[in-house]
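Structural description and commentary
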Number of protein chains: 2
Amino acid sequence: MIENKQKKCRIAVDAMGGDYAPKHEILGALDAFQQDSSFELILVGDKEKILKVARLENLQLNEEMIYHASQVIDMHDKPTEAIKSKQDSSLVVGAKLVREEKADAFVSAGNTGAMMAASTLIMGRIEGVGRPTIGASFPTIKNKFCLLFDVGASVDSKPQHLFEYSILGTIFAKEIFGIESPSVGLLSVGEEESKGNELTFAAYKLLKNSKLNFHGNVEGRDILKGTVDVVLCDGFTGNIVLKFGESIMTLLRTRIRNYADQGIINKLKALVVKSVLKTTLKDMDYQTHGGVPLLGVNGISIIGHGSSSPLAIKNMILRAKEMYEKNLIQKFEDALKTYAVSK
Amino acid sequence: MIENKQKKCRIAVDAMGGDYAPKHEILGALDAFQQDSSFELILVGDKEKILKVARLENLQLNEEMIYHASQVIDMHDKPTEAIKSKQDSSLVVGAKLVREEKADAFVSAGNTGAMMAASTLIMGRIEGVGRPTIGASFPTIKNKFCLLFDVGASVDSKPQHLFEYSILGTIFAKEIFGIESPSVGLLSVGEEESKGNELTFAAYKLLKNSKLNFHGNVEGRDILKGTVDVVLCDGFTGNIVLKFGESIMTLLRTRIRNYADQGIINKLKALVVKSVLKTTLKDMDYQTHGGVPLLGVNGISIIGHGSSSPLAIKNMILRAKEMYEKNLIQKFEDALKTYAVSK
């Protein structure tokens, strides 16, 4: 399999998606560009608005970087309706650029449901994929990441979908995290094969009979323990674990702030705590990853938090570039064929 | 509804359950007794072994406190098989003491599955309860607890079971946490009624039409945010969230230890961090609660971690006493009738 380094990567960024659009999107994109100018940036959105914000912020924005789209899908729009009724929205236009091979990747911090729907319906699915999936990476005590699939693309994943997630996740962990033979665990309520629900029982069989590096069942505690590299679950459970996980930092910050408010000694101690936690838990900050890739669609699609900071946007863009250069879509396609045959 | 303070509470403690039994069990029970001697302690287990450990540890143990049981169900025993084949095990004997009204509560850090099975089969279920449930309490940024039901008694909870959890949880939050009208949230992948899976859609309807203080859907992040007092989910999801949550402290501790290992300055800073986190996150320590109550069975049953410390055992016993004095079983029974009628 070849790497894709010979051709300059073209990354479309939804300039209108996200709570702080287009400001954070422009800032993040320009930061990415400053760090690594070996890609072509396409800011998709309302040209006037983008230029206005660039002027206000004193940003050196080349007008040719902008691909005009007159509409915006906002957070309250219903995904499938919106991508039909707002054909000239930045979100739909960005996905179309990938389908029409005018861009190699699309990055958006806009309406998550609409981004999933647009990517799936417009870019299409890779052969062998019934349901695209969103993977999130969690920090572990082993100082390597654990990838959890699915964290919300489906709410009613079937055993076969979990099997697909395992293939996509294996390739992603191998290529992006450099793990030779990623181990795969099935999230359940006990380690024994006999523990779980109907979904895990059936998925267990598929995984056990595959050529994947299947470890067996893992429990909730195994994610942060780093027992395996890839953890599989239905999108309902995964979404809850992801959001629960993200709220830990909020709890920590609030508690430390309240502690600091109780006098000068506490304030000084809290400063130490904050600086140590900033170092030791930096990989718990979602901004490190930027966003989550939607795997299984026929193109690179990265979905960010609505509240994405410029740093998050920057990291989403750099991740998209890496996925392109490592030719991930082709590798997913090949792996789906390989593992499907050996099933 | 009357309180149960007039009669001395008799608490049976499984002296042989748990990884450090009977030592931690005896220590914890005696600590509880020292703090509040207004209950009758019944240590269930092998008399010889208990007395031997008491001698070795120099503990003042009254022989009359021991109720002999010759067998032990260990962590590897299959729950339902074990409670049939080991009729004279401390776990079965303890549950029987409650059924036969020789004890008012039973506390065990033994095999969780066996404790659930023994409590359910021997004590029986309260009328109106299809599935007993285990609730766990989570710390929140509001410095009050959030109760999550179910965290593992069932893996395939049905809508009606979630509705039962909501009633049991409401009474528990009201009586134990002193919340006048506990708010109830349904754990899902979005706040809108339209977000979720088949289980949540059906449960939502039952809850919306009830006289409970139903808030609507909540997300994974709402648990630690303290958006509501009681959160409902199926036992599969809840168990994963609980175990994931418990592993956070392990991650924090490991990261801080690794940081401390990098020189003397780091070591000193880490000491500050540890002391601040110990204060600010003390309610994240499972030992504070001790164990989780199994609600819906016809008797007070509290299940502890296998690795329970004496402090955890002590707190389990004191919680059992509180549940007895507040007449919780009767209140559950009444509430199940009230809310079932108004459904």
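Every residue gets a number counted from 1 within its own chain, in the order that chain's sequence is written. Whichever chain is written first is A, and whichever ligand is written first is 1; the rest continue in order. In view of the model being predicted, local features appear only for residues whose pLDDT reaches at least 70, and side-chain atom pairs are presented and counted only at 80 or more, with totals across whole chains, interfaces and linings using the full set of residues.

1. Focus: the overall build of chain A
Of the regular secondary structure elements, chain A holds 13 helices and eleven strands. Overall size of chain A, expressed as C-alpha extent along the three principal axes, is 60 × 60 × 40 Å. Buried residues are those with 20 or more other C-beta atoms within 10 Å of their own C-beta, exposed residues have 12 or fewer, and partly exposed residues lie in between; C-beta atoms are placed from the backbone. Within chain A, buried positions represent 55% of all 343 residues. Restricting to contacts in chain A with at least 6 residues of sequence separation, those with at least 24 account for 73%. The helix and strand labels rest on DSSP assignments: H or I over at least four residues marks a helix, E over at least two residues marks a strand, and numbering proceeds from the N terminus. In this description, a residue-residue contact is defined by the distance between C-beta atoms placed from the backbone, which must lie within 7 Å.

2. Let's talk about helix α4 (residues 90-99) of chain B
All names here are of chain B. The element α4 is extensively covered by neighbouring structure, given that nine of its ten residues are classed as buried. Three or more residues of α4 are buried, namely S90, L91, V92, V93, G94, A95, K96, L97 and V98. In this fold, the buried residues of α4 make contact with β1 (9-14), β2 (39-45), β3 (66-68), α3 (79-85), β4 (105-108) and α5 (112-123). Once α4 finishes, E101 follows within two positions and takes phi at roughly 60°, a positive value.

3. Here we look at the packing of helix α9 (residues 235-260) of chain A against helix α10 (residues 264-280) of chain B
A packed helix pair is summarised by two numbers, namely the angle formed by the two axes and the spacing between the axes. Orientation is described by axes fitted as lines to C-alpha atoms, over the contacting stretch for helices, and by angles from 0 to 180 degrees between their N-to-C directions. Interaxial distance between α9 of chain A and α10 of chain B falls to 10 Å at its minimum, and their mutual angle equals 100°. Between α9 of chain A and α10 of chain B, the interaxial angle falls into the category roughly perpendicular. For the pair α9 of chain A and α10 of chain B, the contacting residues are R255, I256 and Y259 of chain A in the first and V276, T279 and T280 of chain B in the second. Of the residues in the contact of α9 of chain A with α10 of chain B, the class split is three nonpolar, two polar and one charged. Note that the term roughly parallel is reserved for angles under 35 degrees, roughly antiparallel for angles over 145, roughly perpendicular for angles of 65 to 115, and oblique for everything else. Think of it as three bins: nonpolar holds Ala, Val, Leu, Ile, Met, Phe, Trp, Tyr, Cys and Pro, charged holds Asp, Glu, Lys and Arg, and polar takes everything else, Gly as well.

4. A look at the interface of chain B and chain A
Between chain B and chain A, the residue contacts involve 40 residues of the former and 39 residues of the latter. Every element with two or more residues in the side of chain B that touches chain A is listed here: α8 (222-225), α9 (235-260) and α10 of chain B. Here the side of chain B that touches chain A gets 17 residues from one element, more than from any other, and that element is α9 of chain B. Its residues placed into classes, the side of chain B that touches chain A shows 21 nonpolar, eleven polar and eight charged.

5. Describing the pairing of strand β2 (residues 39-45) of chain A
Residues and elements named next belong to chain A. Where burial is concerned, most of β2 is hidden: six out of the seven residues are buried. Two strands pair if DSSP finds at least two bridges between them. Looking at chain direction, strand β1 (residues 9-14) and β2 are connected through six bridges and run parallel. From the neighbouring strand, A12 faces β2, where its bridge partner is I42. For a crossover, the right-handed case is the one in which the path from the first strand over the helix to the second runs clockwise, viewed with the strands pointing away from the viewer. Crossover connection from β1 via helix α1 (residues 23-35) to parallel β2: handedness right-handed. Pairing of β2 with strand β3 (residues 66-68) involves three bridges; the strand directions are parallel.

6. Quick word on the relation of the copies chain B and chain A
Note on the chain copies: they are related by a rotation about an axis and a translation along it. Alignment of the copies relies on least squares applied to C-alpha atoms, considering only residues that score at least 70 for pLDDT in both. With an RMSD of 0.1 Å, the operation that places chain B on chain A is a rotation of 179° combined with a shift of 0.0 Å along the axis. With respect to symmetry, the two chain copies, as superposed, fit the operation of a two-fold axis. Both copies contact each other with a shared surface, as 98% of the interface residues of chain B are interface residues in chain A too.

7. Thoughts on the nonpolar core
Grouped together as the largest cluster of nonpolar side chains are 230 residues, with contacts concentrated most on I11, A105 and L148 of chain A together with I11, A105 and L148 of chain B. Once you skip the residues sitting within four places of it in the chain, A105 of chain A turns out to touch C9, I11, A12, V98, I300, A320, M323 and Y324 of chain A. When buried Ala, Val, Leu, Ile, Met, Phe, Trp, Tyr and Cys residues are joined through C-beta atoms within 7 Å, the set is termed a nonpolar core.

8. Digging into the sheet that holds strand β9 (residues 230-232) of chain A
Residues and elements named next belong to chain A. On the basis of which strands lie adjacent, the open sheet formed by eleven strands has the order β3-β2-β1-β4-β11-β10-β5-β6-β9-β7-β8 and mixed pairing. Each end of this open sheet is capped by a strand with a single partner; those strands are β3 and β8 (214-218). Each strand axis lies, on average, 25° off the axis of its neighbour in the sheet, ignoring direction. Bridging between strand β10 (residues 291-295) and strand β11 (residues 300-304) involves three bridges; their strand directions are antiparallel. Counted as the bridge partner of V292 is I303 from β11. Contacting β5 (133-138), β6 (146-149) and β7 (184-187), α9 crosses the sheet at an angle of about 135° to β6.

9. Overview of the domain arrangement of chain A
All names here are of chain A. Split into domains, chain A comes out as domain 1 (8-129 + 296-343) and domain 2 (133-286). Residue ranges assigned to each domain were obtained from an automatic or database domain assignment. Computed from C-alpha coordinates alone, the two centres of domain 1 and domain 2 are separated by 25 Å. Taken together, the contact between domain 1 and domain 2 spans 16 residues of the former and 14 residues of the latter. Mapped onto the side of domain 1 that touches domain 2, the elements with two or more residues apiece are α12 (310-325) and α13 (328-341). Considering every element that reaches the side of domain 1 that touches domain 2, the biggest residue donor is α13, with six residues. For the side of domain 1 that touches domain 2, the per-class residue count stands at nine nonpolar, three polar and four charged.

10. Some details on the environment of R319 of chain B
Residues and elements named next belong to chain B. With respect to the helices, strands and loops of the structure, R319 is situated in helix α12 (residues 310-325). Of the residues examined, R319 has 21 C-beta atoms within 10 Å and is grouped as buried. In the structure, R319 is positioned 178 residues away from I141 in sequence and 23 Å away in space, judged by C-alpha atoms. Apart from the residues within four sequence positions on either side, R319 is in contact with G290 and I302.

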